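# Observations on the model geometry
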Amino acid sequence: MDSLYFSVSLLQTLTEPAIFAQETSCDCRAPHEKLTIAQARRGTPVDRPVRVYADGIFDLFHSGHARALMQAKNLFPNTYLIVGVCSDELTHKYKGFTVMTEIERYEALRHCRYVDEVLRDAPWTLTPDFLEKHKIDFVAHDDIPYSSAGTEDVYKHIKEAGMFVPTQRTEGISTSDIITRIVRDYDVYARRNLQRGYTAKELNVSYINEKKYRLQNQVDRMKEKVRTVEEKSKHFVYRVEEKSHDLIQKWEEKSREFIGNFLELFGPDGTWKQVFQERSGRMLSYALSPRESPCNSPPRELSPLRSPSPPSPPTRWHNARPSPPTSPKGASASISSMSEGDEDEK
(Lines give C-alpha, C1' and ligand atoms only; values in the text may rest on other atoms or scores of the structure.)
Protein backbone atom coordinates (compact mmCIF):
# COMPACT_ATOMS: atom_id res chain seq x y z
CA MET A 1 0.00 0.00 0.00
CA ASP A 2 2.83 2.35 0.89
CA SER A 3 4.59 1.62 -2.40
CA LEU A 4 1.39 2.37 -4.33
CA TYR A 5 1.01 5.69 -2.49
CA PHE A 6 4.63 6.53 -3.21
CA SER A 7 4.18 5.74 -6.91
CA VAL A 8 1.07 7.93 -7.14
CA SER A 9 2.85 10.78 -5.32
CA LEU A 10 5.87 10.49 -7.62
CA LEU A 11 3.63 10.53 -10.69
CA GLN A 12 1.90 13.68 -9.47
CA THR A 13 5.27 15.31 -8.73
CA LEU A 14 6.49 14.63 -12.26
CA THR A 15 3.31 15.67 -14.07
CA GLU A 16 1.80 18.47 -11.97
CA PRO A 17 3.33 21.79 -10.82
CA ALA A 18 4.16 22.23 -7.17
CA ILE A 19 1.53 23.76 -4.90
CA PHE A 20 1.71 27.18 -3.32
CA ALA A 21 2.15 27.36 0.43
CA GLN A 22 -1.18 29.15 0.95
CA GLU A 23 -3.02 26.24 -0.66
CA THR A 24 -1.97 23.73 1.99
CA SER A 25 -1.80 23.60 5.74
CA CYS A 26 1.51 23.33 7.52
CA ASP A 27 -0.09 22.11 10.74
CA CYS A 28 0.95 18.51 11.29
CA ARG A 29 -1.21 16.36 13.56
CA ALA A 30 1.87 14.72 15.04
CA PRO A 31 3.93 16.95 17.31
CA HIS A 32 6.77 18.60 15.44
CA GLU A 33 9.80 17.26 17.20
CA LYS A 34 13.14 18.90 16.65
CA LEU A 35 15.45 16.64 14.61
CA THR A 36 19.16 16.40 14.38
CA ILE A 37 20.93 15.93 11.07
CA ALA A 38 21.97 12.43 12.10
CA GLN A 39 18.36 11.47 12.84
CA ALA A 40 17.17 12.93 9.54
CA ARG A 41 19.83 11.00 7.60
CA ARG A 42 18.62 7.75 9.20
CA GLY A 43 15.13 8.47 7.82
CA THR A 44 13.39 9.15 11.14
CA PRO A 45 10.75 9.89 12.09
CA VAL A 46 8.83 7.50 9.84
CA ASP A 47 5.47 9.21 10.35
CA ARG A 48 6.45 12.41 8.47
CA PRO A 49 9.04 13.64 5.95
CA VAL A 50 11.88 15.96 6.83
CA ARG A 51 10.82 19.51 5.95
CA VAL A 52 13.67 21.36 4.22
CA TYR A 53 13.47 25.03 3.29
CA ALA A 54 15.49 26.74 0.51
CA ASP A 55 15.01 30.40 -0.43
CA GLY A 56 16.31 32.78 -3.05
CA ILE A 57 15.47 35.22 -5.82
CA PHE A 58 15.66 32.69 -8.67
CA ASP A 59 15.78 35.35 -11.37
CA LEU A 60 16.36 33.92 -14.86
CA PHE A 61 15.93 30.39 -13.49
CA HIS A 62 18.84 28.27 -14.78
CA SER A 63 20.62 24.95 -14.24
CA GLY A 64 22.57 26.25 -11.23
CA HIS A 65 19.28 26.92 -9.41
CA ALA A 66 17.94 23.49 -10.38
CA ARG A 67 21.08 21.69 -9.18
CA ALA A 68 20.95 23.45 -5.81
CA LEU A 69 17.32 22.41 -5.35
CA MET A 70 18.17 18.86 -6.41
CA GLN A 71 20.81 18.71 -3.68
CA ALA A 72 18.33 20.04 -1.11
CA LYS A 73 15.75 17.46 -2.16
CA ASN A 74 18.26 14.61 -1.83
CA LEU A 75 19.69 15.62 1.56
CA PHE A 76 17.63 13.00 3.39
CA PRO A 77 15.86 9.78 2.42
CA ASN A 78 12.41 11.35 2.91
CA THR A 79 12.43 15.08 2.14
CA TYR A 80 9.65 17.58 1.62
CA LEU A 81 11.21 20.62 -0.09
CA ILE A 82 9.72 24.07 0.45
CA VAL A 83 11.14 26.86 -1.71
CA GLY A 84 10.70 30.49 -0.64
CA VAL A 85 10.78 33.16 -3.37
CA CYS A 86 11.21 36.81 -2.41
CA SER A 87 8.92 39.45 -3.89
CA ASP A 88 9.97 42.21 -6.25
CA GLU A 89 9.69 44.81 -3.49
CA LEU A 90 12.15 43.07 -1.18
CA THR A 91 14.49 42.12 -4.00
CA HIS A 92 14.68 45.63 -5.45
CA LYS A 93 15.25 47.01 -1.96
CA TYR A 94 18.08 44.70 -0.85
CA LYS A 95 19.61 43.34 -4.05
CA GLY A 96 18.57 45.26 -7.13
CA PHE A 97 16.38 45.20 -10.19
CA THR A 98 15.29 41.83 -11.60
CA VAL A 99 14.72 40.71 -15.16
CA MET A 100 11.72 38.53 -14.38
CA THR A 101 8.74 39.64 -12.34
CA GLU A 102 7.82 37.86 -9.11
CA ILE A 103 4.87 36.12 -10.80
CA GLU A 104 7.19 34.74 -13.49
CA ARG A 105 9.68 33.61 -10.86
CA TYR A 106 6.94 31.87 -8.82
CA GLU A 107 5.78 29.96 -11.86
CA ALA A 108 9.33 28.99 -12.84
CA LEU A 109 9.83 27.36 -9.40
CA ARG A 110 6.51 25.55 -9.53
CA HIS A 111 7.62 23.65 -12.61
CA CYS A 112 10.90 22.38 -11.16
CA ARG A 113 10.51 18.66 -10.43
CA TYR A 114 12.45 18.83 -7.14
CA VAL A 115 10.09 21.36 -5.54
CA ASP A 116 7.13 20.20 -3.42
CA GLU A 117 5.84 23.60 -2.33
CA VAL A 118 6.45 27.24 -3.28
CA LEU A 119 6.25 29.97 -0.64
CA ARG A 120 5.49 33.33 -2.22
CA ASP A 121 6.67 36.64 -0.75
CA ALA A 122 9.27 34.91 1.37
CA PRO A 123 11.02 36.96 4.10
CA TRP A 124 14.56 38.24 3.55
CA THR A 125 15.67 37.10 7.00
CA LEU A 126 14.38 33.91 8.61
CA THR A 127 12.99 34.45 12.07
CA PRO A 128 12.25 31.76 14.66
CA ASP A 129 8.53 32.52 14.34
CA PHE A 130 8.68 31.91 10.59
CA LEU A 131 10.52 28.62 11.07
CA GLU A 132 8.01 27.50 13.70
CA LYS A 133 5.00 28.54 11.62
CA HIS A 134 6.06 26.45 8.63
CA LYS A 135 7.54 23.69 10.82
CA ILE A 136 10.88 23.83 9.05
CA ASP A 137 13.49 21.31 10.15
CA PHE A 138 16.49 22.46 8.12
CA VAL A 139 17.52 25.31 5.81
CA ALA A 140 19.52 24.49 2.67
CA HIS A 141 21.81 27.01 0.99
CA ASP A 142 25.41 27.26 -0.19
CA ASP A 143 27.93 27.77 2.59
CA ILE A 144 29.32 31.08 1.27
CA PRO A 145 28.46 33.91 3.72
CA TYR A 146 25.58 35.94 2.27
CA SER A 147 26.03 39.53 3.39
CA SER A 148 22.85 41.60 3.07
CA ALA A 149 20.46 43.78 5.04
CA GLY A 150 23.25 45.11 7.24
CA THR A 151 24.59 41.70 8.32
CA GLU A 152 27.68 39.78 7.28
CA ASP A 153 25.71 36.56 6.89
CA VAL A 154 21.91 36.33 6.94
CA TYR A 155 22.15 32.59 7.75
CA LYS A 156 24.46 33.01 10.74
CA HIS A 157 21.78 32.35 13.39
CA ILE A 158 20.51 29.35 11.40
CA LYS A 159 24.02 27.85 11.41
CA GLU A 160 24.35 28.49 15.13
CA ALA A 161 21.05 26.69 15.77
CA GLY A 162 22.28 23.59 13.92
CA MET A 163 19.55 23.85 11.27
CA PHE A 164 21.76 24.75 8.30
CA VAL A 165 22.63 22.15 5.63
CA PRO A 166 25.07 23.37 2.93
CA THR A 167 24.73 22.75 -0.80
CA GLN A 168 27.33 23.22 -3.55
CA ARG A 169 27.24 26.03 -6.09
CA THR A 170 27.53 25.24 -9.80
CA GLU A 171 30.54 27.03 -11.21
CA GLY A 172 30.27 28.94 -14.48
CA ILE A 173 26.55 29.70 -14.29
CA SER A 174 24.65 32.34 -12.33
CA THR A 175 22.08 35.05 -12.89
CA SER A 176 24.81 37.70 -12.79
CA ASP A 177 26.80 35.83 -15.46
CA ILE A 178 23.77 35.64 -17.74
CA ILE A 179 23.07 39.36 -17.33
CA THR A 180 26.74 40.11 -18.04
CA ARG A 181 26.50 38.19 -21.30
CA ILE A 182 23.38 40.14 -22.29
CA VAL A 183 25.02 43.48 -21.51
CA ARG A 184 28.18 42.48 -23.35
CA ASP A 185 26.26 41.48 -26.47
CA TYR A 186 23.57 44.14 -26.12
CA ASP A 187 23.89 45.36 -29.70
CA VAL A 188 23.44 41.84 -31.07
CA TYR A 189 20.29 41.19 -29.03
CA ALA A 190 18.88 44.65 -29.80
CA ARG A 191 19.38 44.11 -33.53
CA ARG A 192 17.83 40.64 -33.32
CA ASN A 193 14.74 41.88 -31.49
CA LEU A 194 14.33 44.80 -33.89
CA GLN A 195 14.41 42.29 -36.72
CA ARG A 196 11.77 40.19 -34.94
CA GLY A 197 9.34 43.10 -34.78
CA TYR A 198 10.01 44.85 -31.47
CA THR A 199 9.91 48.62 -31.54
CA ALA A 200 12.73 50.92 -30.53
CA LYS A 201 10.56 52.20 -27.67
CA GLU A 202 10.09 48.70 -26.28
CA LEU A 203 13.84 48.12 -26.41
CA ASN A 204 14.64 51.59 -25.03
CA VAL A 205 16.78 52.29 -28.09
CA SER A 206 17.38 55.80 -29.40
CA TYR A 207 16.44 56.87 -32.92
CA ILE A 208 20.06 56.97 -34.10
CA ASN A 209 20.85 53.55 -32.66
CA GLU A 210 17.70 52.15 -34.21
CA LYS A 211 18.80 53.29 -37.67
CA LYS A 212 22.30 51.98 -37.05
CA TYR A 213 21.00 48.58 -35.98
CA ARG A 214 18.67 48.32 -38.96
CA LEU A 215 21.52 49.23 -41.32
CA GLN A 216 23.69 46.58 -39.70
CA ASN A 217 20.89 44.05 -40.14
CA GLN A 218 20.70 44.87 -43.84
CA VAL A 219 24.48 44.49 -44.14
CA ASP A 220 24.29 41.11 -42.38
CA ARG A 221 21.52 39.96 -44.71
CA MET A 222 23.61 41.01 -47.70
CA LYS A 223 26.60 39.12 -46.31
CA GLU A 224 24.43 36.07 -45.82
CA LYS A 225 23.22 36.26 -49.39
CA VAL A 226 26.79 36.58 -50.66
CA ARG A 227 27.80 33.63 -48.51
CA THR A 228 24.89 31.61 -49.87
CA VAL A 229 25.84 32.49 -53.45
CA GLU A 230 29.45 31.51 -52.74
CA GLU A 231 28.34 28.16 -51.35
CA LYS A 232 26.12 27.54 -54.37
CA SER A 233 28.89 28.57 -56.76
CA LYS A 234 31.34 26.26 -54.99
CA HIS A 235 28.85 23.44 -55.34
CA PHE A 236 28.33 24.29 -59.02
CA VAL A 237 32.09 24.44 -59.68
CA TYR A 238 32.50 21.12 -57.92
CA ARG A 239 29.82 19.55 -60.09
CA VAL A 240 31.34 21.03 -63.27
CA GLU A 241 34.76 19.77 -62.25
CA GLU A 242 33.34 16.35 -61.57
CA LYS A 243 31.58 16.32 -64.94
CA SER A 244 34.75 17.54 -66.68
CA HIS A 245 36.72 14.70 -65.14
CA ASP A 246 34.14 12.25 -66.45
CA LEU A 247 34.25 13.82 -69.91
CA ILE A 248 38.05 13.78 -69.97
CA GLN A 249 38.08 10.15 -68.94
CA LYS A 250 35.57 9.25 -71.62
CA TRP A 251 37.54 11.28 -74.19
CA GLU A 252 40.73 9.45 -73.26
CA GLU A 253 39.00 6.12 -73.65
CA LYS A 254 37.59 7.15 -77.05
CA SER A 255 40.97 8.52 -78.16
CA ARG A 256 42.71 5.29 -77.22
CA GLU A 257 40.07 3.37 -79.10
CA PHE A 258 40.49 5.67 -82.14
CA ILE A 259 44.28 5.35 -82.07
CA GLY A 260 44.00 1.59 -81.82
CA ASN A 261 41.65 1.44 -84.79
CA PHE A 262 43.92 3.79 -86.75
CA LEU A 263 47.00 1.67 -86.06
CA GLU A 264 45.10 -1.46 -86.93
CA LEU A 265 44.18 0.09 -90.28
CA PHE A 266 47.25 2.24 -91.15
CA GLY A 267 49.97 0.80 -88.94
CA PRO A 268 53.13 -1.04 -90.06
CA ASP A 269 51.24 -4.30 -90.27
CA GLY A 270 47.85 -2.78 -90.85
CA THR A 271 45.17 -3.72 -93.31
CA TRP A 272 45.72 -0.65 -95.48
CA LYS A 273 49.41 -1.52 -96.09
CA GLN A 274 48.49 -4.99 -97.28
CA VAL A 275 45.87 -3.56 -99.64
CA PHE A 276 48.38 -0.98 -100.93
CA GLN A 277 51.08 -3.61 -101.53
CA GLU A 278 48.63 -5.80 -103.44
CA ARG A 279 47.52 -2.87 -105.65
CA SER A 280 51.10 -1.65 -106.29
CA GLY A 281 52.14 -5.20 -107.26
CA ARG A 282 49.36 -5.48 -109.80
CA MET A 283 50.19 -2.07 -111.29
CA LEU A 284 53.89 -2.96 -111.60
CA SER A 285 53.17 -6.25 -113.32
CA TYR A 286 50.83 -4.50 -115.74
CA ALA A 287 53.50 -1.89 -116.57
CA LEU A 288 56.14 -4.57 -117.29
CA SER A 289 53.93 -6.81 -119.47
CA PRO A 290 51.03 -4.87 -121.00
CA ARG A 291 48.28 -6.80 -122.67
CA GLU A 292 48.37 -7.03 -126.54
CA SER A 293 45.45 -5.89 -128.58
CA PRO A 294 43.43 -8.78 -130.02
CA CYS A 295 44.35 -9.84 -133.59
CA ASN A 296 40.78 -10.26 -134.65
CA SER A 297 39.91 -6.63 -133.96
CA PRO A 298 38.02 -5.00 -136.85
CA PRO A 299 39.95 -2.64 -139.21
CA ARG A 300 39.65 1.03 -138.59
CA GLU A 301 37.35 2.66 -141.17
CA LEU A 302 37.80 6.16 -142.39
CA SER A 303 35.29 8.70 -141.69
CA PRO A 304 33.13 9.58 -144.76
CA LEU A 305 33.61 13.25 -144.10
CA ARG A 306 37.38 13.04 -144.58
CA SER A 307 38.63 12.09 -148.06
CA PRO A 308 42.08 10.55 -148.53
CA SER A 309 44.76 13.07 -149.22
CA PRO A 310 46.35 12.92 -152.75
CA PRO A 311 49.75 11.29 -152.99
CA SER A 312 52.64 13.62 -152.78
CA PRO A 313 54.96 13.84 -155.83
CA PRO A 314 58.31 12.05 -155.65
CA THR A 315 61.04 14.04 -154.17
CA ARG A 316 63.90 14.94 -156.28
CA TRP A 317 66.91 15.02 -153.96
CA HIS A 318 69.40 16.37 -156.46
CA ASN A 319 67.44 19.53 -157.13
CA ALA A 320 66.39 20.13 -153.56
CA ARG A 321 67.96 22.95 -151.74
CA PRO A 322 68.95 22.34 -148.21
CA SER A 323 67.47 24.61 -145.62
CA PRO A 324 69.92 26.90 -143.98
CA PRO A 325 71.35 25.53 -140.77
CA THR A 326 70.22 27.06 -137.57
CA SER A 327 73.49 26.44 -135.74
CA PRO A 328 77.17 25.78 -136.59
CA LYS A 329 76.79 22.16 -135.63
CA GLY A 330 73.83 21.86 -137.90
CA ALA A 331 75.81 23.52 -140.71
CA SER A 332 78.67 21.09 -140.41
CA ALA A 333 76.27 18.19 -140.36
CA SER A 334 74.57 19.40 -143.52
CA ILE A 335 77.91 19.88 -145.26
CA SER A 336 78.99 16.39 -144.44
CA SER A 337 75.74 14.98 -145.73
CA MET A 338 76.10 16.92 -148.97
CA SER A 339 79.60 15.63 -149.51
CA GLU A 340 78.47 12.09 -148.93
CA GLY A 341 75.75 12.61 -151.55
CA ASP A 342 78.24 13.86 -154.04
CA GLU A 343 80.37 10.84 -153.49
CA ASP A 344 77.40 8.62 -154.12
CA GLU A 345 76.61 10.40 -157.31
CA LYS A 346 80.18 10.01 -158.43
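Residues numbered from 1 in each chain as written. Predicted model: local features only at pLDDT ≥ 70, side-chain atom pairs only at ≥ 80, totals over all residues. Heavy atoms only, no water.

Rules: UniProt positions are given in the numbering used here, feature names are shortened, and annotations may be inferred rather than shown by experiment.
Under an unreviewed UniProt entry, the name given to the protein is choline-phosphate cytidylyltransferase, and the source organism is Sphaeramia orbicularis. Among the UniProt annotations of the protein, the heading Catalytic activity (unreviewed entry) holds the following wording: "phosphocholine + CTP + H(+) = CDP-choline + diphosphate". Checking UniProt for the protein, the heading Function (unreviewed entry) contains the comment "Catalyzes the key rate-limiting step in the CDP-choline pathway for phosphatidylcholine biosynthesis."

## Regarding the overall build of the protein
Our working definition: A helix here means a DSSP run of H or I that spans at least four residues, while a strand means a run of E at least two residues long, and both kinds are numbered starting from the N terminus. Buried, partly exposed and exposed residues are distinguished by accessible area as a fraction of the type maximum, computed with a 1.4 Å probe on protein chains only: under 20%, between the cut-offs, and over 50%, respectively.
Secondary structure summary: the protein contains 12 helices and 6 strands in total. Relative to its full complement of 346 residues, the protein shows a buried share of 27%.

## Considering the sheet that holds strand E5 (residues 138-142)
The condition that has to hold: Two strands are counted as paired when DSSP detects at least two bridges linking them.
Taken in spatial order, the 6 strands of this open sheet run E1-E4-E3-E2-E5-E6, and their pairing is parallel. Strand pairing shows two members of the sheet lacking a second neighbour, strand E1 (19-20) and strand E6 (164-167), which therefore form its edges. Sheet topology note: the E5/E6 ladder contains 4 bridges and is parallel. From the neighbouring strand, valine 139 faces E6, where its bridge partner is phenylalanine 164.

## Here we look at unusual backbone geometry
At leucine 60, a residue that is not glycine, the phi angle is positive and equals roughly 50 degrees. By secondary structure assignment, the location of leucine 60 is in the loop between strand E2 (50-56) and helix H3 (63-73). Positive phi outside glycine occurs at asparagine 204, with the angle close to 60 degrees. If you trace the backbone, asparagine 204 turns up in the loop between helix H9 (186-195) and helix H10 (207-266).

## Some thoughts on the pattern of salt bridges
The line we're drawing: Should a side-chain nitrogen of Lys or Arg be within 4 Å of a carboxyl oxygen of Asp or Glu, the pair is scored as a salt bridge.
Considering all chains together, one arrives at 11 salt bridges under this definition. Among the ionic pairs, aspartate 88 bridges to arginine 105, the shortest N-O distance being 2.6 Å. Remark: arginine 105 occurs in helix H5 (residues 102-110) and aspartate 88 occurs in helix H4 (residues 88-94); sequence separation between them is 17 residues. Across this residue pair, the class does not change: aspartate 88 and arginine 105 are buried.

## Notes on the packing of aromatic side chains
What counts here: Put simply, two rings from Phe, Tyr or Trp (the six-membered ring, in Trp's case) pair if the centres are within 6.5 Å, and we call them stacked under 30 degrees between planes, edge-to-face over 60, tilted for the rest. Only when the NZ atom of a Lys or the CZ atom of an Arg is both within 6 Å of the ring centre and within 35 degrees of the ring normal do we say a charge sits over the ring.
Applying the stated rule across the entire model yields 5 aromatic pairs. Between phenylalanine 58 and phenylalanine 61, the ring centres sit 6.4 Å apart and the planes meet at 45 degrees, which makes this aromatic pair tilted. Classification of phenylalanine 58 by relative accessible area gives buried; the value is 8%. Judged by relative accessible area, phenylalanine 61 falls into the partly exposed class, the value being 26%. Ring geometry for tyrosine 94 versus tryptophan 124: centroids 5.1 Å apart, planes at 25 degrees, classification stacked. Placement of the pair is tyrosine 94 in helix H4 and tryptophan 124 in the loop between strand E4 (117-120) and helix H6 (128-133), with a sequence separation of 30 residues. The ring of phenylalanine 20 carries the charged tip of arginine 120 above its face, separated from the ring centre by 4.0 Å. Residue placement shows lysine 159 over the ring face of phenylalanine 164; its charged tip is 5.0 Å from the ring centre.

## Some remarks on the layout of surface pockets
The test is simple: For cavity detection a 1 Å grid was placed over the protein atoms alone, and a set of points counts as a cavity when a 1.4 Å probe fits there but cannot get out; an open set counts as a pocket when protein lies on both sides within 12 Å along at least five of seven lines, with lining residues being those that have an atom within 4 Å of a point. Grid points are joined across faces, edges and corners, and a volume is the space filled by probe spheres set on the points. Note on residue classes: Ala, Val, Leu, Ile, Met, Phe, Trp, Tyr, Cys and Pro are nonpolar, Asp, Glu, Lys and Arg are charged, and everything else, Gly too, is polar. Domain start and end points were adopted from an automatic or database domain assignment.
A volume near 900 Å³ is recorded for the second largest pocket. Around the second largest pocket, the lining comprises 36 residues; the ones closest to its centre are His65, Lys95, His141, Tyr146 and Arg169. Every element with two or more residues in the lining of the second largest pocket is listed here: E2, H3, E5 and helix H8 (175-184). By residue number, the principal contributor to the lining of the second largest pocket is H3, which donates 5 residues. In terms of residue class, the lining of the second largest pocket is built from 17 nonpolar, 14 polar and 5 charged. Looking at which domains feed residues into the lining of the second largest pocket, each of domain 1 (19-167) and domain 2 (175-270) supplies at least three.

## Looking at the pairing of E5
Of all 5 residues that make up E5, 5 are buried, and the element is covered over most of its length. A two-sided burial pattern is seen for E5, the buried positions comprising Phe138, Ala140 and Asp142 on one face and Val139 and His141 on the other. Direction of pairing for E2 relative to E5: parallel, over a ladder of 2 bridges. Bridge assignment links valine 52 to a residue of E5, and that residue is phenylalanine 138.

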